[in-house]
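Observations on the three-dimensional arrangement
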Amino acid sequence: MKGGREPLIIDDLAAHDSTKDMEVTKDLGGGSLIGVPIYYRNGDNYGTLCGLDLKPFHYTQDHVDLFKAMANLLGNVLELERANTEIESLSVPIVPISDEVAILPIIGDVNEVRTERLMERALAESAKNNLDYLIFDLSGLVKIHSQSATNLLKIGDSLKLVGVQMIVTGIRPDLAIKAVQASSDFDQIVVKSNLQQALHWIGYSLIKT
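The text that follows walks through the structure, step by step, so that each part is easy to find. Treat the numbers as computed from the prediction; the structure is a model and nothing was measured.

The rules behind the values
Residues numbered from 1 in each chain as written. Predicted model: local features only at pLDDT ≥ 70, side-chain atom pairs only at ≥ 80, totals over all residues. Heavy atoms only, no water. Helix = DSSP H or I, 4+ residues; strand = E, 2+ residues; numbered from the N terminus. Buried < 20%, exposed > 50% of the residue type's maximum accessible area, 1.4 Å probe, protein only. Contact = heavy atoms within 4.5 Å. Areas by Shrake-Rupley, 256 points an atom, 1.4 Å probe, with all protein chains shown as cover. Salt bridge = Lys/Arg side-chain N within 4 Å of Asp/Glu carboxyl O. Pairing = 2+ DSSP bridges. Axes fitted to C-alpha atoms, helices over the stretch in contact; angles between N-to-C directions. Patch = residues over 30% accessible without salt bridge, like charges linked within 9 Å, V, L, I, M, F, W, Y side chains within 5 Å. Arc of directions from axis to C-beta. Polar contact = N/O pair within 3.5 Å; in protein donor to acceptor, adjacent residues only side chain to side chain.

Overview of the overall build of the protein chain
Regarding its fold elements, the protein chain presents seven helices and eight strands. Counting every position in the protein chain, which comprises 209 residues, the buried fraction comes to 35%. Sequence-distant contacts in the protein chain: of pairs separated by 6 or more residues, those separated by 24 or more amount to 66%. With the model as given, the accessible surface of the protein chain reaches about 12,500 Å², and the carbon-plus-sulfur share is 55%.

Below, the structure written as structure tokens:
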């Protein structure tokens, strides 16, 4: 086992030195316990997979191997979940420009799940950092479905409710056509050709020194 920790096996809780005087043992009236630690791949311990019987029981090596296999499987599932969470976080990177302005560059494909993630992150970060403007840069967008395009542009409605102006830059002709076909309402957002125009509209200017 990683970290040098072996499974904990107690065939009789009422007779074992470490558990016989515990209140939980008295409440249960005895029993047996097997516990196998669950690890991430980097060696961090997530917790312990436990099996409890209300009467004394002798755990064989087959039982121990089964619990180890289940703990390893759970560790792999947790690792995948953690990796997926990290990927989702990286796929919605919000880059601060100033105390009031931030950019959210959208790169790759956008589906309904990612659109929901974009809305959640945009609202959370805007409220957390007291933003006045959030620029969605779509110049790196590769593919988006019509409904996702509509929902993406509707994020401006939600941001408006928390006092944030949504600005969209880098919108391509195909995305514009999808949005128009879906009768999207652009009243809550500002559309600019590129980032420089967006910053200029806010009141920022780029000066070469």
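Here the narrative resumes.
Some words on the pattern of salt bridges
By the definition in use, this model includes three salt bridges. Where Lys20 meets Asp17, a salt bridge forms, and the shortest distance between an N and an O atom there is 3.6 Å. Residue Lys55 pairs with Asp53 through a salt bridge whose shortest N-O separation is 3.8 Å. Given the relative accessible area of 23%, Asp53 is considered partly exposed.

A short note on the sheet that holds strand 2 (residues 32-39)
Read across the open sheet, the three strands follow the order 1-2-3; overall the sheet is antiparallel. Since the sheet does not close on itself, it has two edges, and those belong to strand 1 (8-10) and strand 3 (45-53), each with one partner. Going across the sheet, the axis of each strand differs from the next one's by a mean of 10°, ignoring polarity. In this sheet, strand 3 lies alongside strand 2 in antiparallel orientation, the contact comprising eight bridges. Bridge pairing in strand 3 links Leu33 to Leu52.

Description of a nonpolar patch on the surface
Among the surface-exposed residues, Met22, Val24, Leu28, Leu52 and Leu54 lie close enough to one another that they form a single nonpolar patch of about 450 Å² accessible area. Assignment of secondary structure puts Leu28 in helix 1 (residues 23-28). A relative accessible area of 33% places Leu28 in the partly exposed class.

Re helix 7 (residues 195-202)
Here helix 7 has its buried residues at Ala198, Leu199 and Ile202. Buried residues of helix 7, viewed axially, fall in a sector of 95°; they line one side. Exposed residues lying more than 90 degrees from the buried face of helix 7 are Gln196 and His200. On its buried side, helix 7 packs onto strand 5 (101-110), strand 6 (133-144), strand 7 (165-169) and strand 8 (189-192). Two or three places before Gln196, at the start of helix 7, stands the capping residue Asn194, its side-chain oxygen 3.2 Å from that residue's backbone nitrogen. Once helix 7 ends, the next one or two residues include Gly203, with phi positive near 125°.

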